[in-house]
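What follows is the residue order along each chain.
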Amino acid sequence: GNSVTQMQGQVTLSEEEFLFINCTYSTTGYPTLFWYVQYPGEGPQLLLKVTTANNKGSSRGFEATYDKGTTSFHLQKASVQESDSAVYYCVLGNSGTYQRFGTGTKLQVVP
Amino acid sequence: EAAVTQSPRNKVAVTGGKVTLSCNQTNNHNNMYWYRQDTGHGLRLIHYSYGAGSTEKGDIPDGYKASRPSQENFSLILELATPSQTSVYFCASGDGSWGDQNTLYFGAGTRLSVL
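As the structure is a computational prediction, the values presented were derived from the model and not from experiment.

A. View of the side chain of Gln85 of chain B. Residues and elements named next belong to chain B. For Gln85, the location among the structural elements is in the loop between β8 (73-78) and β9 (87-94). Accessibility expressed as a relative area gives 5% for Gln85, which makes it buried. In terms of polar contacts, Gln85 uses its side chain to reach the backbone carbonyl oxygen of Gly63, at 3.1 Å. With residues up to four places along the chain from it excluded, the contact list for Gln85 reads Arg36, Gly63, Tyr64, Leu78, Leu80, Leu112 and Val114.

Put into structure tokens, the structure is as follows:
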């Protein structure tokens, strides 16, 4: 079946540190992989998506890459700010079925 | 401005009572979804819909019903609420046919407490 695993439940960083969040997935075919971000008191919103056609995506200083060989995808940012504090979800999308969310990584950035 | 609006934003219910959560979207999207969010589980899909009159089961449909009377409205119904259904519920609309195409647009959530 389709599933996604997000192991890092919480990450605490200081401002300007490097962020790296990793997810692994299980599916068949050619999935699209998404990252959603949820700020306190709001619903999740799309941060970026990566398809098999391009293997990379970027938005708002974040970069996502996708490795079909290891069935993993990750989100990174070179220098986090306090305003990046949020919950980040990796999401697996595939043709013929609905999207599956990971369990989320809560990022806390301290000044 | 296109949006997904949920009501109520907060709800306290009694065990055994009936609860209806409502969702309205102005995105004119065919697909709509109901998720619940719990610590350690992330977002889990309860029910979804492809359009008016259709409802489908997601990953955790037990104890929930859904209704899609129109393109704009999608409701989640708890006929006999239980304390295990205490959670934050999110409605979303999607702009594609399947999971590889969809961008999901979420409402702000409904916090439900069942006592």
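Still to come is the rest of the account.
B. Structural context of the layout of surface pockets. There is about 640 Å³ of room inside the largest pocket. Gln38, Val87 and Tyr89 of chain A together with Gln37 and Thr39 of chain B are, among the 29 residues lining the largest pocket, the residues nearest its centre. At the level of elements, β9 (86-93) and β11 (105-110) of chain A together with β4 (31-38), β9 and β11 (110-114) of chain B are the ones that each hand at least two residues to the lining of the largest pocket. Of the residues forming the lining of the largest pocket, the biggest block, four residues, is contributed by β11 of chain A. For the lining of the largest pocket, the residue count by class is nine nonpolar, 15 polar and five charged. Quantified by volume, the second largest pocket comes out at close to 190 Å³. Forming the walls of the second largest pocket are 13 residues, and the residues nearest its centre are Ala3, Val4, Tyr105, Phe106 and Gly107 of chain B.

C. Main features of the sheet that holds strand β6 (residues 56-59) of chain A. Residue and element names in this part refer to chain A. Spatial ordering of the open sheet is given by β1-β3-β8-β7-β6, a layout of five strands whose pairing is antiparallel. Among the strands making up the open sheet, the edge pair consists of β1 (3-6) and β6. Taken pair by pair, the neighbouring strands of this sheet meet at an average axis angle of 20°, ignoring direction.

D. A look at the state of the cysteines. Counted by the stated rule, this structure contains two disulfides over all chains. One disulfide bridge connects Cys23 of chain A with Cys90 of chain A, the sulfur atoms lying 1.9 Å from each other. Disulfide Cys23 of chain A to Cys90 of chain A: torsion about the S-S bond roughly -85°, handedness left-handed. In this pair, Cys23 of chain A sits in strand β3 (residues 19-26) while Cys90 of chain A sits in strand β9, placing the two residues 67 residues apart along the sequence. Since its relative accessible area comes to 0%, Cys23 of chain A is described here as buried. Note on Cys90 of chain A: relative accessible area 0%, which makes it buried. Here Cys23 of chain B engages in a disulfide with Cys91 of chain B; their sulfurs sit 1.9 Å apart. Since a negative S-S torsion denotes a left-handed disulfide, the Cys23 of chain B-Cys91 of chain B link at about -80° is left-handed. Placement of Cys23 of chain B in strand β3 (residues 19-25) and of Cys91 of chain B in strand β9 is noted, with a sequence separation of 68 residues between them. A single burial state applies to Cys23 of chain B and to Cys91 of chain B, both of which are buried.

Cut-offs and rules
- Residues numbered from 1 in each chain as written.
- Chains lettered and ligands numbered in written order.
- Predicted model: local features only at pLDDT ≥ 70, side-chain atom pairs only at ≥ 80, totals over all residues.
- Heavy atoms only, no water.
- Helix = DSSP H or I, 4+ residues; strand = E, 2+ residues; numbered from the N terminus.
- Buried < 20%, exposed > 50% of the residue type's maximum accessible area, 1.4 Å probe, protein only.
- Polar contact = N/O pair within 3.5 Å; in protein donor to acceptor, adjacent residues only side chain to side chain.
- Contact = heavy atoms within 4.5 Å.
- 1 Å grid on protein atoms, 1.4 Å probe; cavity = no way out; pocket = protein on both sides within 12 Å on 5 of 7 lines; lining within 4 Å.
- Points joined across faces, edges and corners; volume = space filled by probe spheres on them.
- Nonpolar A, V, L, I, M, F, W, Y, C, P; charged D, E, K, R; others polar.
- Pairing = 2+ DSSP bridges.
- Axes fitted to C-alpha atoms, helices over the stretch in contact; angles between N-to-C directions.
- Disulfide = S-S within 2.5 Å.

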